[in-house]
Amino acid sequence: MKILCLIRQVPDAEAKVKAALGKVDLDGATMALDGMDEYGVEQALRINEGGANTVAVALGNTRFEDAIRRSLAMGLERAVHIETDLLLDVVSQAQILKAVVLEEAPDLVFVGGQHADTDSQALGAALAEALGWNQVTWTTELSLDSGIAKATHDTDDGKESLELALPAIITTQQGLNEPRYPTLPNIMKAKKKEIRKTTPEQYGITNSKVRIVSQEIQERPRLNKLLDGKDPVAAANELIRLLHEEAKVI
Amino acid sequence: MILVVCEFDTKLKKSALEILGAAQRLGSSVTAVLLGTGAGNVALQAAQYASQVLVCEDALLAGAKNLAQAVSDLSEQAEATLVLMAGSRGGREIAPRVAVRLDAPYLEDATVLSSIEGGLQIQHYAYLARVTETLEAVAPIVVCSVKPNTQVVAELNSKTGEIFEVELELNASGVTVLGRTVEKTSRVALTEASLVVTGGRGLGSPENFALIESLADVLGAGVGATRAAVDAGWRPYGEQVGQTGKTVQPNAYIAVGVSGAVQHLSGMGKSKNIVAINKDAEAPIFKVADYGIIGDLHAIMPALIEAAKKLR
Ligand SMILES: Cc1cc2nc3c(=O)[nH]c(=O)nc-3n(C[C@H](O)[C@H](O)[C@H](O)COP(=O)(O)OP(=O)(O)OC[C@H]3O[C@@H](n4cnc5c(N)ncnc54)[C@H](O)[C@@H]3O)c2cc1C
Ligand SMILES: Nc1ncnc2c1ncn2[C@@H]1O[C@H](COP(=O)(O)O)[C@@H](O)[C@H]1O
């Protein structure tokens with residue numbers, strides 16, 4: 001079975017995100033492989049033990065190489081990096097990735113359930129549609145048996161179990177697995193693994209359908225009225241009074 | 001014309017009333033679309049908010065692929081310039097497929113929508129909701145999903161809209177549903193609650209969640225949990241708030257024994273008031289709190305429940 005994992009490099013969750021002049025500034029921010037993508041990489045490695053026939057595919061700038069190396073250090077076999085500084089809308093991304101998927105001809109493609117930079121859940125669905133494939137979103141359990149996938153996934157009001165034929169797109173969710181940490185020898189090995197480079201222009205995409213007008217950090221000013229709980233009853237009474245009389249929420 | 005894809009069960013869901021409201025305010029004529037079993041039962045209700053209602057109950061209308069085909073076929077036939085969908089999990093699975101089919105720009109999870117010459121401008125959150133982005137798309141047709149609980153619901157029109165039954169040409173989707181479980185709660189749904197009480201790992205045990213439930217019941221609040229509490233098996237996943245759980249924006253969010261990790265904040269950080277109870281004065285949750293008590297929840301919570309009861 002051949003498996004592709006779409007991956008992204010995003011600011012580390014603990015990184016302080018800054019914005020200046022209407023634009024997010026990631027200079028100096030610690031970047032990492034998106035946690036949601038790690039679930040996909042891990043699942044690929046559990047299906048194809050040893051990592052044979054597993055390929056990372058990344059669409060993004062030069063810095064994405066760190067995330068690619070991380071996925072290779074976890075155990076994927078090789079990578080394709082569609083290198084670009086363009087910030088493309090999801091339909092354009094799907095058009096490029098469709099071409100890469102057709103070149104690579106996998107049975108299964110893992111996509112992160114929600115990206116930690118764009119907060120988007122759209123790529124898996126968009127790519128599935130571009131390919132005419134079925135897909136499972138927010139997948140928490142996956143088993144494969146002779147070309148048929150059985151999956152459980154989270155829905156708006158609970159869970160659903162599905163059966164579908166491969167090829168298919170699986171988008172990840174917490175609970176799918178516990179991603180491994182790369183070992184030192186594997187980090188060394190990953191440095192020698194192949195990264196095939198290409199560009200969006202090779203697939204005929206040169207601009208985005210969506211324009212980013214501005215990016216701002218809008219922090220709601222918070223009152224920060226903190227009470228000392230040494231006298232629990234007094235503190236509780238005061239908190240309820242504040243919520244009732246001042247905030248008027250109860 | 002704006003095509004509004006409505007979610008419903010026995011009546012229109014709140015998400016549908018919200019996106020119908022957004023469509024009304026954008027000022028163009030509104031066509032509501034009702035797809036799937038039971039659509040006919042809500043057509044009259046939808047007709048009170050839209051000038052046209054398109055109804056299709058084809059049994060093949062299930063699964064993202066077929067629903068997306070239906071929406072894109074109908075929007076082409078009706079010559080829509082904008083397709084609005086709910087930003088629920090289901091909506092956000094279908095909407096990008098519609099955009100691909102129409103080769104249209106897709107704007108996702110909008111919190112604010114405004115018309116611009118030849119297109120649409122929206123705001124939405126990015127970077128785990130730490131950043132507010134303004135995006136715009138100019139195109140003959142734009143697809144947009146709208147974040148739940150961000151829009152004022154639709155107003156009744158003076159004139160009832162026309163209802164049309166439509167036929168679609170669909171094929172079997174290739175996905176078989178083996179089973180479904182719906183998580184029921186006797187309390188108000190988390191995403192619709194105006195008050196939420198959430199417990200974290202600090203509760204220490206599933207039994208101690210009785211403290212959270214009692215306060216929630218006195219206040220008429222929804223109950224939430226952190227991932228730590230869900231992973232420990234103390235609470236069902238449906239209660240999880242955060243990046244990989246639900247997003248809530250209540251009038252007051254009361255976090256008890258919750259540290260305030262970025263992934264948790266991304267699901268509740270836009271709440272109008274944040275209240276924290278934590279024994280650690282340095283806990284990050286206090287940095288975003290409007291009100292809080294620094295102390296042991298085992299002492300504070302019973303007192304808080306008593307104080308809240310007196311208010312009733
Ligand atoms: C990809 C990814 C996605 C994630 N998605 C989510 C998500 O959707 N939702 C989510 O919540 N998390 C999510 N997380 C996990 C997140 O990073 C945190 O680990 C989690 O939110 C911590 O939960 P907590 O606050 O309950 O526990 P802790 O961080 O352990 O905090 C417990 C708090 O309780 C306090 N406390 C302890 N005892 C008492 C007491 N007696 N009285 C008062 N206070 C007390 C402590 O001081 C502490 O602050 C995600 C992580 C990753 C990597
Ligand atoms: N049951 C508990 N009682 C007291 N403190 C706790 C408990 N669980 C977690 N914490 C605190 O929560 C924070 C994160 O803990 P952890 O990540 O579980 O190691 C630490 O500051 C702990 O002291």
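None of the values given here were measured: they were computed from a predicted structure. (Residues numbered from 1 in each chain as written. Chains lettered and ligands numbered in written order. Predicted model: local features only at pLDDT ≥ 70, side-chain atom pairs only at ≥ 80, totals over all residues. Heavy atoms only, no water.)

Looking now at the sheet that holds strand E15 (residues 273–278) of chain B. Read across the sheet, six strands follow the order E15(A)-E16(B)-E15(B)-E14(B)-E12(B)-E13(B) without closing on themselves; strand pairing throughout is parallel. Of all the strands in the sheet, just strand E15 (225–228) of chain A together with strand E13 (222–225) of chain B have a single pairing partner and so form its edges. Looking at each pair of strands side by side, their axes are set apart by 20° on average, direction ignored. Pairing of E15 of chain B with strand E16 (residues 291–294) of chain B involves four bridges; the strand directions are parallel. From the neighbouring strand, Ala276 of chain B faces E16 of chain B, where its bridge partner is Gly292 of chain B. Against the sheet, helix H8 (residues 297–311) of chain B engages strand E14 (252–256), E15 and E16 of chain B, with an angle of about 130° to E15 of chain B. (Pairing = 2+ DSSP bridges. Helix = DSSP H or I, 4+ residues; strand = E, 2+ residues; numbered from the N terminus. Axes fitted to C-alpha atoms, helices over the stretch in contact; angles between N-to-C directions. Contact = heavy atoms within 4.5 Å.)

Following the criterion strictly, the structure yields three cavities of 30 Å³ or more and no others. Taken as a whole, the largest cavity spans an internal volume of roughly 80 Å³. Taken together, Leu6, Ile7, Arg8, Val57, Ala58, Leu59, Gln93, Leu97, His115 and Leu123 of chain A form the lining of the largest cavity. Those elements giving two or more residues to the lining of the largest cavity turn out to be strand E1 (3–7), strand E6 (54–60) and helix H3 (90–104) of chain A. The dominant element in the lining of the largest cavity, judged by the number of residues it contributes, is E6 of chain A, at three residues. When grouped by side-chain class, the residues that make up the lining of the largest cavity number seven nonpolar, two polar and one charged. Reported here for the second largest cavity is a volume of approximately 50 Å³. Counting residues per element, the ones that place at least two in the lining of the second largest cavity are strand E9 (134–145) of chain A together with helix H4 (89–102) of chain B. In terms of residues, the lining of the second largest cavity owes the most to one element, H4 of chain B, which gives three residues. Classifying every residue of the lining of the second largest cavity gives one nonpolar, four polar and three charged. (1 Å grid on protein atoms, 1.4 Å probe; cavity = no way out; pocket = protein on both sides within 12 Å on 5 of 7 lines; lining within 4 Å. Points joined across faces, edges and corners; volume = space filled by probe spheres on them. Nonpolar A, V, L, I, M, F, W, Y, C, P; charged D, E, K, R; others polar.)

Honestly, it's all geometry; don't read function into it.
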